[in-house]
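Analysis of the macromolecular model
Now for the letters of each chain:
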Amino acid sequence: TDVQGCREIILHGESGFLVPPDSENELAMALIKLINDPKARESMGKKGRELVENLYSSDIVIEKTLSTYQHALTI
């Protein structure tokens, strides 16, 4: 759904679909699109994995965490 934590990683139509919270009809339509389009599922899955690897790999997360701690020590 189009909420904080999801919208930051989903590129609508590229790595998934963002649907408004509490919108059962739009969620159902998005799921039907994915059920009926195997190529879109595969493409979105690959794009989603690419985004996660490029933005949230363990190396990147550890580096940013350590950087935050180091910055906090200098304050």
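Residues numbered from 1 in each chain as written. Predicted model: local features only at pLDDT ≥ 70, side-chain atom pairs only at ≥ 80, totals over all residues. Heavy atoms only, no water.

It is worth spelling out the pattern of salt bridges at this point. Applying the stated criterion across every chain yields a total of four salt bridges. Among the salt bridges present, the one from Asp2 reaches Arg7, with a minimum N-O distance of 2.9 Å. The partly exposed category is assigned to Asp2, whose relative accessible area is 32%. Under the relative-accessibility criterion, Arg7 is labelled partly exposed at 41%. Between Arg49 and Glu53 there is a salt bridge; the shortest N-O distance is 2.8 Å. In this pair, Arg49 and Glu53 are both assigned in helix H2 (residues 38-56), four residues apart and thus about one turn of the helix distant. (Salt bridge = Lys/Arg side-chain N within 4 Å of Asp/Glu carboxyl O. Buried < 20%, exposed > 50% of the residue type's maximum accessible area, 1.4 Å probe, protein only. Helix = DSSP H or I, 4+ residues; strand = E, 2+ residues; numbered from the N terminus.)

A few words on the packing of aromatic side chains. Under the criterion given, the structure shown has zero aromatic pairs. Across from the ring centre of Phe17, 5.3 Å away, lies the NZ or CZ of Lys33, which sits over that ring. (Phe/Tyr/Trp six-rings, centres within 6.5 Å; stacked < 30°, edge-to-face > 60°. Lys NZ or Arg CZ within 6 Å of the ring centre and 35° of its normal.)

This next bit is on a nonpolar patch on the surface. A cluster of nonpolar side chains, namely Val52, Leu55, Tyr56 and Val61, defines an oily patch on the protein surface of about 330 Å² accessible area. Among the elements that make up the nonpolar patch, the one with the highest residue count is H2 (three residues). (Patch = residues over 30% accessible without salt bridge, like charges linked within 9 Å, V, L, I, M, F, W, Y side chains within 5 Å. Areas by Shrake-Rupley, 256 points an atom, 1.4 Å probe, with all protein chains shown as cover.)

For the pair helix H1 (residues 24-36) and H2, the least separation of the axes is 5 Å and the interaxial angle reads 105°. In terms of orientation, H1 and H2 fall into the roughly perpendicular class. Contacts between H1 and H2 involve Leu34, Ile35 and Asn36 on the former and, on the latter, Pro38, Arg41 and Met44. Looking at the contact of H1 with H2 residue by residue, the classes come out as four nonpolar, one polar and one charged. (Axes fitted to C-alpha atoms, helices over the stretch in contact; angles between N-to-C directions. Parallel < 35°, antiparallel > 145°, perpendicular 65-115°, else oblique. Contact = heavy atoms within 4.5 Å. Nonpolar A, V, L, I, M, F, W, Y, C, P; charged D, E, K, R; others polar.)

This part is about the packing of H2 against helix H3 (residues 58-74). Where H2 contacts H3, the axes come no closer than 6 Å and their chain directions differ by 30°. Between H2 and H3, the residues in contact are Glu53, Asn54, Leu55 and Tyr56 and Ser58, Ile60 and Val61, respectively. Per-class residue counts for the contact of H2 with H3 are four nonpolar, two polar and one charged.

Glancing now at the confidence of the model for the chain. Overall, the prediction assigns the chain a mean pLDDT of 94, with 100% of residues at 70 or greater. By mean pLDDT, the top-scoring element of the chain is H1 (96), and the lowest-scoring one is H3 (93). (pLDDT = per-residue confidence, 0-100.)

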